[in-house]
Amino acid sequence: VLQEKLQKSKNDATVVKLLKKNGAIILGRANMDEFALGFRSLSSRGGQTKNAFDHSRYPGGSSGGSAVSVASGFSVIGVGTDTGGSVRIPSAFAGLVGIRPTFGKVSLDGVVPLSHSRDTVGLMARNVQDLAVSFDAATGGSQKYSLNCLSQKHRTVYRLGV
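Here the structure is a predicted model, which means the values were calculated and not measured.

### Quick word on the overall build of the chain
And step 1. Scanning the chain from terminus to terminus reveals 5 helices and 5 strands.
And step 2. Beginning at the N terminus, the succession of helices and strands in the chain can be written as α-α-β-β-α-β-α-β-β-α.
And step 3. Across the 162 residues of the chain, 38% fall into the buried class.
And step 4. Nonlocal contacts in the chain, meaning residues at least 24 apart in sequence, comprise 56% of its contacts between residues at least 6 apart.
And step 5. Accessible surface, the chain: about 10,200 Å² in total, of which carbon and sulfur atoms supply 54%.

Here it is, written out as structure tokens:
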């Protein structure tokens, strides 16, 4: 019933395009906090996401739906955005490995960021090898949101060893 209410995205984010190009099969979308703003993975459309190991607990972070999908064995990797722990916290709660890469390493094209200067696309998996393979596949897209696009007032330049 819920699936019928969801609209299919017209365009894929660059990270999804890169994952598909490198052989990934996209299984679906996972429940998350609305606007990626929260720590319980609770939404008005999908309800409360339950922790994969204990249904009386929540999975943590706004990307908890992706973490539950991976931890329960439904998917090999999960994709989420991380501003203040939304990939790292659910990874920790689910016994996964997760990465919040350096800002600009994974393209934000097609992603609606909570914070244009702090959001990153992160990945989670059950082991480091799966995470490393998927991270290699997800990188290399547009650098539109690299640090070079920030105005000078938002950047601090440090010179070391001068």
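Next, the rest of the story.
### Some points on the pattern of salt bridges
And step 1. In this structure the tally under the stated criterion is 3 salt bridges.
And step 2. For Asp12, the salt bridge goes to Lys20, with nearest N and O atoms at 2.6 Å.
And step 3. Note on Asp12: relative accessible area 30%, which makes it partly exposed.
And step 4. In this structure, the salt-bridge partner of Asp82 is Arg100, at a minimum N-O distance of 3.5 Å. Of this pair, Asp82 sits in strand S3 (residues 77-82) while Arg100 sits in the loop between strand S4 (97-99) and strand S5 (120-125); the two residues are 18 residues apart in sequence, bridging distant segments of the chain.

### Brief notes about the confidence of the model for the chain
And step 1. In this model, the chain carries an average pLDDT of 77, and 72% of its residues clear a pLDDT of 70 or more.
And step 2. Looking at the elements of the chain, mean pLDDT is at its lowest for helix H1 (residues 2-5), recorded as 53, and at its highest for S4, recorded as 94.

### Quick look at the environment of Ile89
And step 1. Mapping Ile89 onto the fold places it in helix H4 (residues 88-93).
And step 2. A C-alpha to C-alpha distance of 8.7 Å links Ile89 and Ser63, two positions 26 residues apart in sequence.
And step 3. Here Ile89 is in contact with Pro59, Gly60, Gly61 and Gly84, once residues within four sequence places are set aside.

### Topic: the sheet that holds S5
And step 1. The antiparallel open sheet is built from 3 strands, whose spatial order is S3-S5-S4. In this open sheet, the two strands that pair with only one neighbour each are S3 and S4. Adjacent strand axes in the sheet meet at a mean angle of 25 degrees, parallel and antiparallel pairs treated alike.
And step 2. Relative to S5, S4 runs antiparallel, the two being bridged by 3 bridges. Looking at S5, one finds that Ile99 is bridged to Leu123.
And step 3. Docked against the sheet, helix H5 (residues 128-138) engages S3, S4 and S5, running at close to 150 degrees with respect to S5.

Rules used throughout
- Residues numbered from 1 in each chain as written.
- Predicted model: local features only at pLDDT ≥ 70, side-chain atom pairs only at ≥ 80, totals over all residues.
- Heavy atoms only, no water.
- Helix = DSSP H or I, 4+ residues; strand = E, 2+ residues; numbered from the N terminus.
- Buried < 20%, exposed > 50% of the residue type's maximum accessible area, 1.4 Å probe, protein only.
- Contact = heavy atoms within 4.5 Å.
- Areas by Shrake-Rupley, 256 points an atom, 1.4 Å probe, with all protein chains shown as cover.
- Salt bridge = Lys/Arg side-chain N within 4 Å of Asp/Glu carboxyl O.
- pLDDT = per-residue confidence, 0-100.
- Pairing = 2+ DSSP bridges.
- Axes fitted to C-alpha atoms, helices over the stretch in contact; angles between N-to-C directions.

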